[in-house]
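# Observations on the model geometry
Below, each chain spelled out in residue letters.
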Amino acid sequence: MKTDIAIIGAGPAGLVAALHAARAGARVLLLERFPYLGGQLIKQTHKFFGSRSEYAGERGVDIAGRLIGEVNAADRVTVWEDSAALGYYPDGVLTVRHQGEFRTILPGKLIVATGAAEKSLVFPNNDLPGIYGAGAVQTLMNVYGVLPGKRLLMVGAGNIGVIVAYQLLQAGVEVAAIIEAGPAVGCYQVHAAKVERCGVPIYTSHTVKHAQGGSSLEGVVICRLDSDWRPVAGTEKEFAVDGMCLAVGLSPLTELLWQAGCKMCYVPELGGNIPLRDDDLLTSHPDIYVAGDVAGIEEASTAMVEGKIAGLAAALASGDPAADLRPELTAAKAQLRALRAGPLSAKIRKGLAKVTKSALAEVV
């Protein structure tokens, strides 16, 4: 099967990339390994920040519904659910397991929007039932309406951890505390203030010492960390809980990019190994673009703008677009810069300096 553009991943980045590439006149094949579209958006019940163009004031699940509806109505987009990308080869062939059958695709351009996987934490008894990743907790509550426990400890005070803690409170789950290994919370202060007003303590410079329980989680012991991140004896605190949620970061899902030979770089500020890319989100491979968390861990708003850039750039490079895309592409890049402005994004900007245009020029 031939297509102008194949997009791997139908989360926020992939959905927006498909829409803008199709509107530019490209034939798009959108691949999603799960039997549903939307990615992380379908788990997010909090309202987004930003401007109207970034869906400010709307909930992630509602944004997902809107984007999925637009993609399904688009004439030039073919959607394959339950379709896992297996490999991308030097002859430009993409192999896919589509609903249990092996298929080969020959795309003109490829946009990788595979997202990220949750990191875990090593401590004694970390495999007890009742210990979840934040994504699992969101899936249980926000997708299936199942409470993950009656009293939980949240590990991680970034945006994800604190937002999920507030969602737990809204669902009637008691949050015993939020602990954070760093010396300060990593979330927006507005999120921290909401949980603190609900009486949830936040312990910075703390980590899990060990979990307690037999057939399932019954308690957690935490301890303070010194300035060198070493546990401090005598600072232990014990919490009786039947659940623990780990929100300790994400790792970009870059296996396909490695296999395709894209130049990669380890950037801790962006979550791990990520591809070098230019301002169009084109990697060192002349036909592969990236967007969303696979390009570096950021917010869903950023992923959607990156999807727009990658979709427009890939359509522009794949042939004769239906209109002049350069003004819209320039505006999208300005929008992305605005999203990354300000002190809270300083770490992101530092990471991006290692993998964007100047870095790419050194290896291609």
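This text goes with the structure placed above it.
What comes next concerns the included structure. Every value quoted in this text rests on a predicted model; they were computed, and no experiment measured them.

## Comments concerning the overall build of the chain
If you tally the helices and strands in the chain, you get ten helices and 19 strands. In terms of overall dimensions, the chain is globule-like: its C-alpha atoms have a radius of gyration of 21 Å, near the 21 Å expected for 364 residues. Judged by the C-alpha coordinates and their principal axes, the chain covers about 65 × 40 × 40 Å. The buried share of the chain, taken over its 364 residues, is 51%. Restricting to contacts in the chain with at least 6 residues of sequence separation, those with at least 24 account for 60%. Within the structure as shown, the chain displays about 16,200 Å² of accessible surface, and the carbon and sulfur contribution to it stands at 52%. Taking the average place of the 34 positive charges on the side chains of the chain and the average place of its 36 negative ones, the gap between the two points comes to 3 Å.

## Details of the sheet that holds strand β13 (residues 217-224)
Overall, antiparallel pairing links the three strands, which are arranged β12-β13-β14 in an open sheet. Of all strands in the sheet, those with a lone pairing partner are β12 (206-213) and β14 (237-240), marking the two edges. For this sheet the average axis-to-axis angle between neighbouring strands, irrespective of direction, equals 25°. Relative to β14, β13 runs antiparallel, the two being bridged by four bridges.

## Structural notes on the pattern of salt bridges
A complete count under the given rule lists 16 salt bridges for this structure. Note that glutamate 174 and arginine 151 form a salt bridge whose closest N and O atoms lie 3.0 Å from each other. Placement of glutamate 174 in strand β10 (residues 174-180) and of arginine 151 in strand β9 (residues 151-155) is noted, with a sequence separation of 23 residues between them. One salt bridge connects aspartate 280 with lysine 333, and the closest N-O pair in it is separated by 2.6 Å. With a gap of 53 residues between them, aspartate 280 in the loop between β18 (272-275) and β19 (288-290) and lysine 333 in helix α8 (residues 326-339) connect regions that are remote in the sequence. In this structure aspartate 280 comes out as partly exposed when scored by relative accessible area, which is 24%.

## Looking at the sheet that holds β10
Whether parallel or antiparallel, the strands of a sheet pair through hydrogen bonds between backbone atoms. The strand order across the open sheet formed by five strands is β8-β15-β9-β10-β11, and the pairing between neighbours is parallel. Both outer strands of the open sheet, β8 (131-133) and β11 (202-204), are each paired with one neighbouring strand and no more. Averaged over neighbouring strand pairs, the angle between their axes works out to 20° when direction is ignored. Looking at chain direction, β10 and β11 are connected through three bridges and run parallel. Bridging from a neighbouring strand, glutamate 180 pairs with threonine 204 of β11.

## Observations concerning the packing of aromatic side chains
This structure, assessed with the given rule, holds two aromatic pairs. The interplanar angle of 10° and the centroid separation of 5.6 Å between the aromatic rings of phenylalanine 34 and tyrosine 36 together place this pair among those described as stacked. For phenylalanine 34, a relative accessible area of 37% translates into the label partly exposed. Assessed through its relative accessible area of 34%, tyrosine 36 is described here as partly exposed. Both rings, one in tyrosine 203 and one in phenylalanine 239, keep their centres 6.2 Å apart while their planes meet at 65°; by these two values the pair is edge-to-face. Of this pair, tyrosine 203 sits in strand β11 while phenylalanine 239 sits in strand β14; the two residues are 36 residues apart in sequence, bridging distant segments of the chain. Owing to a relative accessible area of 23%, tyrosine 203 belongs among the partly exposed residues under this scheme.

## Points about the pairing of strand β6 (residues 101-112)
Sheet analysis places strand β1 (residues 2-8) next to β6, joined by six bridges and oriented parallel. Counted as the bridge partner of alanine 6 is leucine 110 from β6. Relative to β6, strand β5 (residues 94-98) is paired through five bridges, and the arrangement is antiparallel. The residue bridging threonine 95 from the neighbouring strand is threonine 104, located in β6.

## Considering the nonpolar core
In this structure, Ile5, Val28 and Leu67 are the most contacted members of the largest nonpolar core, which totals 47 residues. Every element with two or more residues in this core is listed here: β1, α1 (12-23), β2 (28-31), α2 (60-73), α7 (300-318) and α8. Tallying contributions element by element places α7 first for this core, with ten residues. In contact with leucine 67, not counting residues within four places along its chain, are Leu15, Val16, Leu19, Leu41, Tyr55 and Met304.

## With respect to the side chain of serine 345
Checked against the element boundaries, serine 345 lands in the loop between α8 and α9 (346-352). In contact with serine 345, other than residues within four places in its own chain, are Leu339 and Arg340.

What counts, and where the lines are drawn
Residues numbered from 1 in each chain as written. Predicted model: local features only at pLDDT ≥ 70, side-chain atom pairs only at ≥ 80, totals over all residues. Heavy atoms only, no water. Helix = DSSP H or I, 4+ residues; strand = E, 2+ residues; numbered from the N terminus. Rg over C-alpha atoms; globule rule 2.2 N^0.38 Å. Buried < 20%, exposed > 50% of the residue type's maximum accessible area, 1.4 Å probe, protein only. Contact = heavy atoms within 4.5 Å. Areas by Shrake-Rupley, 256 points an atom, 1.4 Å probe, with all protein chains shown as cover. Lys, Arg positive; Asp, Glu negative; His and termini not counted. Charge placed at Lys NZ, Arg CZ, Asp CG, Glu CD. Pairing = 2+ DSSP bridges. Axes fitted to C-alpha atoms, helices over the stretch in contact; angles between N-to-C directions. Salt bridge = Lys/Arg side-chain N within 4 Å of Asp/Glu carboxyl O. Phe/Tyr/Trp six-rings, centres within 6.5 Å; stacked < 30°, edge-to-face > 60°. Core = buried A, V, L, I, M, F, W, Y, C linked by side-chain atoms within 4.5 Å.

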